[in-house]
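# Observations on chain architecture
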Amino acid sequence: MKFKGRMELEHGLKQIDIAPLIDMVFQLLIFFMLTSSFVMQPGIKVNLPKAVTSEILKYENLELMVSGENVVYLNNKVVTLAELKNLLKQASKKSSSIIIKADRHASLGRVVEIWDMCRDSGVTQVNIATNQE
């Protein structure tokens, strides 16, 4: 006694329905898009100069940024030169290093003034950020 359902299986399916497969792929795509994290660096737009001899620093430091309009930021907060001098004295007691990120259109005089202020405050490690070519 042969059943009708068994005869269909013996002859095989003529077509495979791929609609559930497509649905599953789209669900996986949406899942990974929603759960992945994108790293965005908020802050001030600084156009760093390029240097051949730049190296990557791997330790924590204070970030001093000088925008193209010569506005000084310490860790993404606007500071005046008087406030900066006090903060640099505190940083020298903690023996932390400073990285200066100056826009390529920033005044060289302002950058040198900040560099001298760091040295006068007793900060021993002062770096200037650049992009590698």
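Residues numbered from 1 in each chain as written. Predicted model: local features only at pLDDT ≥ 70, side-chain atom pairs only at ≥ 80, totals over all residues. Heavy atoms only, no water.

Note on placement: Lys 85 falls in helix 3 (residues 81-93). Residue Lys 85 is classed as partly exposed on the basis of its relative accessible area of 41%. In this structure, the C-alpha to C-alpha distance between Lys 85 and Asp 120, residues 35 residues apart in sequence, is 9.0 Å. What Lys 85 contacts, discounting residues up to four positions off in sequence, is Met 117 and Ser 121. (Helix = DSSP H or I, 4+ residues; strand = E, 2+ residues; numbered from the N terminus. Buried < 20%, exposed > 50% of the residue type's maximum accessible area, 1.4 Å probe, protein only. Contact = heavy atoms within 4.5 Å.)

Examined against the element boundaries, Asp 103 turns out to sit in the loop between strand 5 (98-102) and helix 4 (108-121). For Asp 103, which is buried and forms no salt bridge, the nearest opposite charge comes from Arg 104, at a distance of 6.0 Å. For Asp 103, the side chain forms a polar contact with the main-chain nitrogen of His 105, separated by 2.8 Å. (Lys, Arg positive; Asp, Glu negative; His and termini not counted. Salt bridge = Lys/Arg side-chain N within 4 Å of Asp/Glu carboxyl O. Polar contact = N/O pair within 3.5 Å; in protein donor to acceptor, adjacent residues only side chain to side chain.)

On to the sheet that holds strand 6 (residues 126-128), then. If you trace the five strands from one edge of the open sheet to the other, you get 4-3-2-5-6, paired in mixed fashion. Lying at the two open borders of the sheet, with one neighbouring strand each, are strand 4 (77-78) and strand 6. Taken together, the three bridges between strand 2 (residues 62-66) and strand 3 (residues 72-74) define a ladder with antiparallel strand orientation. Residue pairing for strand 3: Val 66 is matched across the bridge by Val 72. (Pairing = 2+ DSSP bridges.)

This paragraph deals with the confidence of the model for the protein. In the predicted model, the protein carries a mean pLDDT of 76, and 70% of its residues have values of at least 70. Mean pLDDT values over the elements of the protein span from 56, in helix 1 (residues 4-11), up to 90, in helix 2 (residues 19-35). (pLDDT = per-residue confidence, 0-100.)

Attention now moves to unusual backbone geometry. Even without a glycine there, the phi angle at Asn 70 is positive, about 65 degrees. Structurally, Asn 70 is set in the loop between strand 2 and strand 3. Asn 70 sits in the partly exposed class, given a relative accessible area of 26%. Residues other than glycine seldom take positive phi values, yet Asn 76 does so here, at roughly 70 degrees. Tracing the backbone shows Asn 76 in the loop between strand 3 and strand 4.

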